[in-house]
Amino acid sequence: MFRNKKSVQELLGFKTFTRYGIRTDRAELIFFQAEPVNISVLSTENIESKVHHLMLVLSAIPELEFIVTDSCESFDSNRNYLRKLLKAEYTFLDEIQTEMSSARQFLFALRFFREKEEAVFHAINRTERALAEHGFMVRRLTKPEIKRMLGLYFGTVMSGEDIPDIEGENYIREEEDVFQEKIDS
């Protein structure tokens with residue numbers, strides 16, 4: 001009795017990286033990262049202004065989605081291991097962990113359903129301009145940054161370069177190498 005096994009990419013619907021973001025089985029996603037603002041040091045008027053500007057952006061671009069993730073992976077297992085090896089560094093690592101685990105990154109995402117690349121390009125530019133005009137410092141994520149964000153979201157690795165574009169691609173290459181060695185010998 002065999003079950004149809006699916007890869008993680010298939011289960012999540014990820015198809016490929018596109019010129020601007022990622023394609024899923026339902027849509028193309030383009031991500032923008034917004035610089036966080038420490039609202040604890042802002043006056044009530046400034047906070048209200050920021051909220052008002054966010055409402056204006058969301059009204060101007062209703063298809064814009066808002067995402068908040070941790071900006072790094074959990075350090076719990078690393079901390080336990082390092083305690084045994086580096087007791088003298090314990091306080092320092094604890095401070096780093098507190099800072100890193102409380103850090104957040106704020107992302108906006110646009111979802112496209114079969115739009116032509118030119119339409120996607122214009123929508124991206126319109127979104128970046130609208131966000132900037134309303135006081136948000138944003139930039140579009142690069143492919144390695146999207147990989148890192150996905151790795152953090154799914155609790156895998158911290159480095160985006162470690163995530164392959166195609167799941168299992170390394171195993172195919174290994175099989176090809178073994179096959180080539182057999183041919184050569």
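Above this text is the structure in question.
Residues numbered from 1 in each chain as written. Predicted model: local features only at pLDDT ≥ 70, side-chain atom pairs only at ≥ 80, totals over all residues. Heavy atoms only, no water.

Enquirer: Account for the pattern of salt bridges, with residues named and values stated.
Expert: All chains considered together, the criterion is met by 5 salt bridges. Close ionic contact of Glu63 with Arg126 constitutes a salt bridge, the shortest N to O distance being 3.3 Å. Highlighted residues: Glu63 in the loop between helix 2 (44-60) and strand 4 (65-70) and Arg126 in helix 5 (residues 117-133), separated in sequence by 63 residues. (Salt bridge = Lys/Arg side-chain N within 4 Å of Asp/Glu carboxyl O. Helix = DSSP H or I, 4+ residues; strand = E, 2+ residues; numbered from the N terminus.)

Enquirer: How would you sum up the pairing of strand 3 (residues 28-34)? Please name residues and give values.
Expert: Counting buried residues in strand 3 gives 7 out of 7 residues, a clear majority hidden from the surface. Covered by surrounding structure in strand 3 are Glu28, Ile30, Phe32 and Ala34 together with Leu29, Phe31 and Gln33, the residues of both alternating faces. As paired strands, strand 2 (residues 22-24) and strand 3 are joined by 2 bridges and run antiparallel to one another. Each residue of the ladder has a partner; that of Ile22, found in strand 3, is Leu29. Connecting strand 2 to the antiparallel partner strand 3 that follows it, the hairpin turn spans 3 residues. Here strand 3 pairs with strand 5 (residues 104-112) via 7 bridges, running antiparallel. Across the sheet, Leu29 pairs through a bridge with Arg111, a residue of strand 5. (Buried < 20%, exposed > 50% of the residue type's maximum accessible area, 1.4 Å probe, protein only. Pairing = 2+ DSSP bridges.)

Enquirer: So what about the side chain of Thr127? Which residues, and what values?
Expert: Turning to its location among the elements, Thr127 is positioned in helix 5. Ignoring sequence-local partners within four residues, the contact set of Thr127 consists of Phe32, Ile61, Leu64 and Leu110. (Contact = heavy atoms within 4.5 Å.)

Enquirer: An account of helix 5 is requested, with residue identities and associated values reported.
Expert: For helix 5, built from 17 residues, the straight-helix expectation of 24 Å at 1.5 Å per residue is met to within 8% by its first-to-last C-alpha distance of 24 Å. Those residues of helix 5 that sit buried are Val120, Ala123, Ile124, Thr127, Ala130 and Leu131. One side of helix 5 holds all its buried residues, which, seen down the axis, span an arc of 135°. When the buried face of helix 5 is taken as reference, the exposed residues oriented beyond 90 degrees from it are Glu118 and Glu133. On its buried face, helix 5 is in contact with strand 3, helix 2, strand 5 and strand 6 (138-140). Directly after helix 5, the chain includes Gly135, whose backbone phi takes a positive value near 85°. (Expected span 1.5 Å × (residues − 1). Arc of directions from axis to C-beta.)

Enquirer: Explain a nonpolar patch on the surface to me, using residue names and the numbers behind them.
Expert: On the surface, a cluster of nonpolar side chains totalling about 520 Å² of accessible area is made up of Val8, Leu11, Leu12, Tyr153 and Phe154. Element by element, the count of residues in the nonpolar patch is highest for helix 1 (residues 8-12), at 3 residues. Tracing the backbone through its elements, the reader meets Tyr153 in helix 6 (residues 143-153). You can call Tyr153 exposed: its relative accessible area is 56%. (Patch = residues over 30% accessible without salt bridge, like charges linked within 9 Å, V, L, I, M, F, W, Y side chains within 5 Å. Areas by Shrake-Rupley, 256 points an atom, 1.4 Å probe, with all protein chains shown as cover.)

Enquirer: Talk me through the pairing of strand 1 (residues 14-17); I want residue IDs and the actual numbers.
Expert: Alignment of strand 1 against strand 2, held across 3 bridges, turns out to be antiparallel. By the bridge assignment for strand 2, Phe17 is matched with Ile22. Linking two consecutive strands that pair antiparallel, namely strand 1 and strand 2, is a turn of 4 residues.

That's the geometry; what it means functionally is another story.
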